[in-house]
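# An overview of the molecular structure
Single-letter residue listing:
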Amino acid sequence: MDYSNYLKLPQLLSLQELESHKRTGQAAHNEMLFIIIHQSYELWFKQILHEVMAIKEKLGQPFVQQSSLSFIVSKLKRVNIILQQLVDQISIMETLSTVDFLEFRHHLVPASGFQSVQFRQLEAHLGLKFSQRMSLEKAFLKQRLDHQQYQQIEQLDQSASLLELVDTWLARFPLLEQKEYWQDYQAAVEQMLDLEAKIISNNTQQDDRQIQFEQKNLQMNRQHFQVLFDEKAYQDSENKISRKAMLSALFIHLNRDYPLLALPFQLLEGLVEIDEWLTLWRQRHALMVQRILGNKVGTGGSSGHHYLGETVKKNRIFADFFNLTSFLLPQNQLPKLNAELKELLAKEI
Ligand code: HEM
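Figured I'd write up the structure that's included with this text.

## Remarks on the packing of aromatic side chains
Given two aromatic rings, one states the distance between the centres and the angle between the planes to describe the pair. Under the criterion given, the structure shown has 17 aromatic pairs. On the numbers, 5.9 Å between centres and 55° between planes, the contact of F114 with Y307 is tilted. Placement of the pair is F114 in the loop between α8 (105-108) and α9 (117-126) and Y307 in helix α18 (residues 305-314), with a sequence separation of 193 residues. One exposure class covers both F114 and Y307, and it is buried. Ring-pair connections join several aromatic residues into one group, and the members of that group are Y181, W182, Y185, F229 and F251. Against the face of F140 rests R144, its NZ or CZ located 5.1 Å from the ring centre. The cationic tip of R316 hangs over the ring face of F322; the distance from NZ or CZ to the ring centre is 4.8 Å.

If you want it as structure tokens, here you go:
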């Protein structure tokens, strides 16, 4: 065993076959970078999938022990650091000028990153459902992936995603029956909003129009909170996770300083970070495409950066946890935990 044969370097390093050279006998210098960067991304996608599947395995158990939580949090951290590198690597891609790219682009048509099966697997494992995807995107997936690859993604779409597993785990937290706690929380919210209303109407430095504008915003804020307390309103909202899961996640956020909630809190933060890095990746990739291609259509046949820009907003996966912070209250206004609740916090979940 040596370095080279352990890592299968002869095989790995012979996998960069320049299409320009094959077709014309003359290699386009920049095609090497294009191939290597895509291959590196695919290797990192493989590693991320490896971690995500292990996380799902642990989270899918009927009881998630503290040791599993610690495993999950550490692997989420790893995934996020890799994702951060993947965002940074776009700068390497941006050293490719339009002219450099046009030298060999026609050789790869109709191949496109759109057909990255691992990227689609990752989206599906995390929780991006077909029902959420744009209709154009769904149609393209069917056309551009081969039948077997498409079926694989379809199967994943129907199985429990990380988001769904987190939902189930959160929904069984033993805190939801604590009616008193939530009543106190609701009272604290109303007190906070009433105080804000008073500050707005007592502000003598604002004219009536400004005051009305602020009051309208505050009213929207009030309605936003109301969704939490009303099952029907919650179901009509844009949240993807169940109301039970949302309340548990909120409880974890509000009481994250209790040692037993530290890991669940870090888990939720890990998901927020994944959402942030993936969104940043989509944004940077779309901008890079605009920079290199302008308004040209993609090799995969989409409208290029216009299509990619849409996916930035529409394909968020853990946005619910991102928005959770709207429901936080100042520390000194938080409801007190009763003795029973404190004891419950010591239970395994
Ligand atoms: C010169 C560099 C690149 C250009 C010009 C480019 C262009 C595009 C375009 C135009 C699309 C939309 C689909 C289409 O019509 O083809 C796309 C999608 C995609 N590209 Fe790239 N790309 C580049 C580099 C990369 C790299 C390095 C990766 C890493 C794997 C990548 C991964 C993807 C993925 C995953 C999609 C699908 C995104 C989605 O549908 O949400 N691309 N790319």
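The rest of the description comes next.
## Some details on a negative patch on the surface
Together, E180, D184, E340 and E343 line one region of the surface with negative charge. At the level of elements, α13 (179-202) and α20 (339-344) are the ones that each hand at least two residues to the negative patch. In this fold, E180 is placed in helix α13.

## Considering the coordination of the iron atom of the ligand
Just one protein atom coordinates the iron atom of the ligand, and that atom is H285 (NE2), at 2.2 Å. Mapped onto the elements of the fold, H285 is located in helix α17 (residues 259-293).

## Considerations on the packing of helix α12 (residues 162-171) against helix α16 (residues 243-254)
In the contact formed by α12 and α16, the axes pass within 8 Å of each other and the chain directions differ by 75°. As far as their axial angle goes, α16 and α12 are roughly perpendicular. Between α12 and α16, the residues in contact are D167, L170 and A171 and K244, A245, S248, A249 and I252, respectively. Of the residues contributing to the contact of α12 with α16, the split by class is 5 nonpolar, 1 polar and 2 charged.

## Quick look at the site of the ligand
Around the ligand, 29 residues are found, and the nearest of them are S112, R120, H285, S302 and Y307. Between an oxygen atom of the ligand and a side-chain N or O atom of R282, the distance comes to 3.0 Å. Looking at the shell around the ligand, the elements that each hand over two or more residues are α4 (31-59), α9, α17 and α18. Among the elements that line the shell around the ligand, the one with the most residues is α17, at 7 residues. For the shell around the ligand, a count of residues per class yields 16 nonpolar, 11 polar and 2 charged.

## Re the pattern of salt bridges
Overall, the coordinates contain 16 salt bridges when judged by the stated rule. Taking the shortest distance from any N to any O, the salt bridge between E123 and R133 comes out at 2.8 Å. Of the two residues, E123 sits in helix α9 while R133 sits in the loop between α9 and α10 (135-144), which places them 10 residues apart along the sequence. Each member of the pair, E123 as well as R133, is classed as buried. Its salt-bridge partner being R243, residue E231 comes within 3.3 Å of it at the nearest N-O pair. Here R243 lies in helix α16 and E231 lies in helix α15 (residues 231-236), a separation of 12 residues in the sequence. The network of salt bridges with shared partners includes R120, E123, R133, E137 and R282.

## Describing the nonpolar core
For soluble globular proteins, nonpolar side chains are generally found buried alongside one another. L170, Y185, L267 and F321 are the most contacted members of the largest nonpolar core, which totals 100 residues. Examining the composition of this core, we find that 16 residues originate from one element, α17, more than from any other. Once you skip the residues sitting within four places of it in the chain, L170 turns out to touch A245, S248, A249, I252, L268 and F321.

## Thoughts on the packing of α9 against helix α11 (residues 147-158)
Contact geometry of α9 with α11 gives a least axis separation of 9 Å together with a crossing angle of 15°. In terms of their interaxial angle, α9 and α11 are classed as roughly parallel. By crossing handedness, the relation of α9 to α11 is classed as right-handed. On α11, the residues that touch V117, R120, Q121, A124 and H125 of α9 are Q149, Q152, I153 and L156. Of the residues belonging to the contact of α9 with α11, the class tally is 4 nonpolar, 4 polar and 1 charged.

Thresholds applied
- Residues numbered from 1 in each chain as written.
- Predicted model: local features only at pLDDT ≥ 70, side-chain atom pairs only at ≥ 80, totals over all residues.
- Heavy atoms only, no water.
- Phe/Tyr/Trp six-rings, centres within 6.5 Å; stacked < 30°, edge-to-face > 60°.
- Helix = DSSP H or I, 4+ residues; strand = E, 2+ residues; numbered from the N terminus.
- Buried < 20%, exposed > 50% of the residue type's maximum accessible area, 1.4 Å probe, protein only.
- Lys NZ or Arg CZ within 6 Å of the ring centre and 35° of its normal.
- Patch = residues over 30% accessible without salt bridge, like charges linked within 9 Å, V, L, I, M, F, W, Y side chains within 5 Å.
- Areas by Shrake-Rupley, 256 points an atom, 1.4 Å probe, with all protein chains shown as cover.
- Salt bridge = Lys/Arg side-chain N within 4 Å of Asp/Glu carboxyl O.
- Lys, Arg positive; Asp, Glu negative; His and termini not counted.
- Charge placed at Lys NZ, Arg CZ, Asp CG, Glu CD.
- Donors = N, O, S within 2.8 Å, 3.2 Å for Na, K, Ca; no water.
- Axes fitted to C-alpha atoms, helices over the stretch in contact; angles between N-to-C directions.
- Parallel < 35°, antiparallel > 145°, perpendicular 65-115°, else oblique.
- Contact = heavy atoms within 4.5 Å.
- Nonpolar A, V, L, I, M, F, W, Y, C, P; charged D, E, K, R; others polar.
- Near = heavy atom within 4 Å.
- Polar contact = N/O pair within 3.5 Å; in protein donor to acceptor, adjacent residues only side chain to side chain.
- Core = buried A, V, L, I, M, F, W, Y, C linked by side-chain atoms within 4.5 Å.
- Left-handed = near helix turned anticlockwise from the far one by under 90°.

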